[in-house]
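Descriptive analysis of the structure
Okay, here's what each chain looks like letter by letter:
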Amino acid sequence: MLEKALVGSKKYWAWLMFLAALSTVGAYYYYQQFTYGLGLTGLHRDVTWGLYIGQFTFLVGVAASAVMLVIPHYLHDYKTFTKVVILGEFLAISAVVMCILFIMADMGQPMRVVNIFLHPTPTAMVFWDTVVLNGYLFINLLVGWVTLGSDRKGIAPPKWIKPWIYLSIPWAISIHTVTAFLYAGIPGRHFWLSAIMAARFLASAFAGGPALLIILALIVRKISKFDVGKEAIQAVGRIVSYAMFANVFFLGLEFFTAFYSGIPGHAQSFLYLYTGLEGHSELVPLMWVSTVFALVSLCMLWIPVIRKNEALLVFACIMLFISLWIDKGFGLIIGGFVPNPFEEVHTYWPTMPEAMITMGIWAIGFLVLSVLYKIAITVREETAGVEIEH
Amino acid sequence: MSMDRRQFIKIAGISSILGFGASVASATHNVWTQGLDPSEVNRNPEALVAKRWAMVVDMSKFKNDEDVKKVVTACHQTHNVPDYRNADGSVNRKDEIKWIWQASYEHAFPGQENKYMSEHIKEMPFFVLCNHCDNPPCVRVCPTKATFKLPDGITMQDEHRCIGCRFCMAACPYGARSFNWRDPRGTNPNGEPFIKNMNKAYPTRTKGVVEKCTFCTERLSVGKLPACVEAAPKGGLLFGDMEDQNSEVRKIVTNQYTIRRKSDLGTGPAIYYIVGGSDHA
C-alpha cells in the first residue's frame, strides 16, 4: 500500500516538502545540541526536564486516545466509527514516533540509549515506558495496516487480527498509566506525587487526542473525497466533552487537596503556575490562557447547538487542544520542578534551538501522519461505496 | 593431549576472545553474567572498610569562610569538578556542577524553620551533599543501573553507562545531582580550562552524564578519608561506620541530638547534622 503515498497532487508534495524543510531545520539545531550538549536548551540543574519531556508526555496521551475509537467500534460494534477508526490508529502511530524522537532529543548520551535494554531495570518506570511505547507502536502498525489492507481488497480482516485489536485496548491505557508513573512515584516532588495523576493523564488524553482527530477528520474531508461522516464527528465530539469534563474535575480535585490541606509543599507549585511565586510569574499568563480555554471549550462542547455546528465544534476543539497542550506539554513538567528541593525558585524558558528542535520533531510527526493518511484516504477513495467489513 | 607452546597460545588467545578463558579461570560462576564477587578481587590491605559509611556535619567547628572554602575546593579539585563562571566572575548557575556546597538552614531543612527562630540559625549555612540514602530514589528510577548501591552504603554511579535521561535528578529530593550540560573538558571564551589544575589520578567526565559526591570511594579504597573530611577543621566533618558501635559517628548520633534532611520521605539519609553545635566526643 506504500505506493499510494508516492502518487499525489502538487499540493500534497508541496506540503510534504514544507514539512521536510521544517524537519531539516530541526535536524540542524539537533546537530548543534548533539555537539555542544543539552546546555543549548534552557534547562539547568533545578529544572532538568522541559519542553521535550512535556511534548513527550502530551503526545503519549494523543497516542493512547485511539482507544476511544477502538472501544466503541470493536467492543461495542459501533458501526458509525468504521471509517474514522483508521484515522485514530494512524494518528497514534505518528504520535508514538514523535514520543520516541522527543525522548531521544532529551538524552544526554543518545548513542547509549540501548543500555536500557542491555541492563533492563524493572524498578525503573522508564524501562516499562520504553517497552509499552514500542509495543504500542507495533500493535497499531499491525492493526492499521492489516485492516486497511483488507478494506482495499473489499474483504473482512483476517480473524487472527482480532486478539491484537483487543490487546490494543489495555495497552493504550497502559502507555499513559506508565507515563503518569514516571512522575507520580517520585518522593519530594509534591506537585507530581498524586494518586490521581494517571487518571488525570488518561482524562486529558481522551479529550485532547479525539479533539485533534476531529480537526484532522474535517481537514481530510475538505481536501479529499473521504468523509468519516457527520455522525462520527458528533460522536467523537461527545467523547471529547465527557473526557474534558473529567479532566477539569480531576484538576479541581488537585486544587482542593493542595489548598485545603494547607501543606505548603503541595500548594507551592500551583501558586507558581497560577499566581507566581517569589516574584517569578513567567508561566502565569500561559496557565490562565489554558484555564480560560479549557472552561470556554468545555461549555461550548456541552451546549448541543454549539457542538452540532461543525464550525463551532472545530473552534472549541482547537481551544481545547491548545489548553491541554499548555497544561500538560509545559506547565505539568515545569511546575513539578519549581520550587526546587531547597524551596528556591529557579525558572525555565526554552531557548530558540530547543524550540526549533521541538518544531522539527512535530514536523516529522506530521510528515509520518500525512503519508499514512494519504494511504488511508487513497484506499478509501478507491473503494468508495464498498461496504467496510469490520 | 600434548600441545606445544605455539598451539597453547593460539587456543588461549581465541578462547579468551570468546570469553571461554574467563569460565576456565573461574569454574565456579560465569563472570559474564554474574560479575565478579568481592572475594575474588584482591583488596588493598590499607583500604578503609565499613558496613555503613555515614557522616556527621557539625557546622559550629567552621569558624570562617576560609574553613568552608577549603572543604569545597578540596572536593572539587580532587574530583575534577569543572568551574563554570559568568563573564563577571560569578557562578554560572545554568551549567553549574557541584558535589558539596552550602545551603542555609531554611533551605537545607525546609519546613523546619519557624518565624521566631533566631536569624542566626535560619541563615546558618550547612554543608549539603549526596545523602547516600538507605533507600535511594535515584537508584530505583535509573533505567540502566548506572547509579547503584555499594555494600558499604555508598550510592555510586557509572558515568560510562549513564544515558543522561536525568531521571535521578528529578527523583533526588536533595538536589544533590549535577548534569554535564556541556563538555567539562572544554575552555571558556578566554581560553581558560573549566577544570583548573587537573587531578590526573581521577577521571574527568564527558558531556551528557550525571555526577555527584561518591563519598570518595577511590580514596577509601587506598586507606584515605574523604577529601572534604580531611580538609575540614577538626570535628567539622566526621566520617565513619554507623554500624560500628565504637565509631565516632555512631557515638555522636547515639548521644547527641542530630537531624537529617527530609528523613520523612523514607530515603534513610546517611548525613547527620548537629544543629547549634556543642563540644562532643
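Residues numbered from 1 in each chain as written. Chains lettered and ligands numbered in written order. Predicted model: local features only at pLDDT ≥ 70, side-chain atom pairs only at ≥ 80, totals over all residues.

**Some remarks on the overall build of chain A**
Along chain A, the regular secondary structure elements total 14 helices and zero strands. Ordered by position in the sequence, the α and β elements of chain A form the string α-α-α-α-α-α-α-α-α-α-α-α-α-α. Its C-alpha atoms give chain A a radius of gyration of 21 Å, within 12% of the compact-globule value 21 Å for 390 residues. Considering chain A as a whole, with its 390 residues, one finds that 47% of them fall into the buried category. In chain A, the share of contacts with a sequence separation of at least 24, taken over all contacts with a separation of at least 6, comes to 81%. (Helix = DSSP H or I, 4+ residues; strand = E, 2+ residues; numbered from the N terminus. Rg over C-alpha atoms; globule rule 2.2 N^0.38 Å. Buried ≥ 20, exposed ≤ 12 C-beta atoms within 10 Å, placed from the backbone. Contact = placed C-beta atoms within 7 Å.)

**A short note on the overall build of chain B**
Regarding its fold elements, chain B presents 11 helices and 10 strands. Looking at chain B as a whole, 37% of its 281 residues are labelled buried. Considering only contacts within chain B whose residues lie at least 6 apart along the sequence, 65% involve residues at least 24 apart.

**A word on the confidence of the model for chain A**
Looking at chain A, pLDDT values average 94 and 98% of them are 70 or higher. Taken element by element, chain A is modelled with least confidence in helix 3 (residues 67–75) of chain A, mean pLDDT 91, and with most confidence in helix 1 (residues 10–36) of chain A, mean pLDDT 97. (pLDDT = per-residue confidence, 0-100.)

**Regarding the sheet that holds strand 9 (residues 258–259) of chain B**
All names here are of chain B. The strand order 8-1-10-9 describes an open sheet built from four strands, whose pairing is mixed. Each having just a single partner strand, strand 8 (237–241) and strand 9 make up the two edges of the open sheet. As paired elements, strand 9 and strand 10 (residues 271–274) share two bridges and run antiparallel to each other. Each bridged residue has a counterpart across the sheet, and for Thr258 the counterpart in strand 10 is Ile274. Set on the sheet, helix 11 (residues 248–255) makes contact with strand 1 (53–58), strand 8, strand 9 and strand 10; between it and strand 8 the angle comes to about 105°. (Pairing = 2+ DSSP bridges. Axes fitted to C-alpha atoms, helices over the stretch in contact; angles between N-to-C directions.)

**Topic: the interface of chain B and chain A**
Listed as interface residues are 40 residues of chain B and, on the opposing side, 31 residues of chain A. It is helix 8 (residues 167–171) of chain B that contributes the most residues to the side of chain B that touches chain A, four residues altogether. Each residue belonging to the side of chain B that touches chain A can be placed in one class, and the counts come to 19 nonpolar, nine polar and 12 charged. (Nonpolar A, V, L, I, M, F, W, Y, C, P; charged D, E, K, R; others polar.)

**Observations regarding the environment of Leu286(A)**
Its place among the elements puts Leu286(A) in helix 11 (residues 284–302). Leu286(A) sits 13 residues away from Leu273(A) along the chain, and the two C-alpha atoms are 8.7 Å apart.

**Some thoughts on the nonpolar core**
Residues Ala63(A), Leu87(A), Leu91(A), Cys99(A), Val240(A), Leu320(A) and Met55(B) are the most contacted members of the largest nonpolar core, which totals 185 residues. Beyond its immediate stretch of four places on either side in the chain, Ala63(A) contacts Ala92(A), Ala95(A), Val96(A), Cys99(A), Tyr136(A) and Ile175(A). (Core = buried A, V, L, I, M, F, W, Y, C linked by C-beta atoms within 7 Å.)

**Looking at the packing of helix 2 (residues 51–64) of chain A against helix 8 (residues 197–223) of chain A**
All names here are of chain A. For the pair helix 2 and helix 8, the least separation of the axes is 7 Å and the interaxial angle reads 70°. Judged by the angle between their axes, helix 2 and helix 8 are roughly perpendicular. On helix 8, the residues that touch Gly61, Val62 and Ala64 of helix 2 are Phe201, Ser204, Ala205, Gly208, Gly209 and Leu212. Of the residues belonging to the contact of helix 2 with helix 8, the class tally is five nonpolar, four polar and no charged. (Parallel < 35°, antiparallel > 145°, perpendicular 65-115°, else oblique.)

**Here's the deal with the confidence of the model for chain B**
When pLDDT is averaged along chain B, the result is 88; 86% of the residues meet or exceed 70. Below pLDDT 50 for its whole length, residues 20–26 of chain B participates in nine contacts with residues either more than four positions away or in separate chains.

**What about helix 11 of chain A?**
Residues and elements named next belong to chain A. Across its 19 residues, helix 11 extends 27 Å between first and last C-alpha, which sits within 8% of the 27 Å expected from 1.5 Å per residue. Along helix 11, the residues classified as buried are Met287, Ser290, Phe293, Ala294, Ser297, Leu298, Met300 and Leu301. Axial view of helix 11: buried residues confined to an arc of 160°, hence all on one face. Across helix 11 from its buried face, at more than 90 degrees, point the exposed residues Pro285, Val292 and Cys299. Those residues of helix 11 that are buried are in contact with helix 9 (230–260), helix 10 (264–274), helix 12 (304–308) and helix 13 (310–337). (Expected span 1.5 Å × (residues − 1). Arc of directions from axis to C-beta.)

**Some words on the packing of helix 2 of chain A against helix 13 of chain A**
Residues and elements named next belong to chain A. Taken N-terminus to C-terminus, the directions of helix 2 and helix 13 make an angle of 140°; their axes are 8 Å apart at the nearest point. In terms of orientation, helix 2 and helix 13 fall into the oblique class. The way helix 2 lies across helix 13 gives a crossing that is right-handed. Between helix 2, through Ile53, Gly54, Gln55, Thr57, Phe58 and Gly61, and helix 13, the contact on the second element is made entirely by Trp325, Lys328, Gly329, Phe330, Leu332 and Ile333. Split into classes, the residues belonging to the contact of helix 2 with helix 13 amount to six nonpolar, five polar and one charged. (Left-handed = near helix turned anticlockwise from the far one by under 90°.)

**Topic: unusual backbone geometry**
Here the residue pair Val338(A) and Pro339(A) is connected by a cis peptide bond, since its omega of 0° sits within 30 degrees of zero. Relative to the helices and strands, Pro339(A) is located in the loop between helix 13 and helix 14 (352–382). In the Ramachandran plot, His132(B) falls in the positive-phi region, its phi being about 45° despite a non-glycine side chain. Counting through the fold element by element, His132(B) comes out in the loop between strand 3 (125–129) and helix 7 (137–141). With 27 C-beta atoms packed within 10 Å, His132(B) lands in the buried category. Positive phi, close to 70°, is recorded for Arg166(B), a residue that is not glycine.

**Topic: the environment of Gly276(A)**
Here Gly276(A) is to be found in the loop between helix 10 and helix 11. Excluding residues within four positions of it along the chain, Gly276(A) makes contact with Ser281(A) and Val284(A).

**Notes on the environment of Ala235(A)**
Residues and elements named next belong to chain A. One can find Ala235 in helix 9. Ala235 sits 182 residues away from Ile53 along the chain, and the two C-alpha atoms are 31 Å apart. Setting aside chain neighbours within four positions, we find Ala235 in contact with Thr80 and Phe81.

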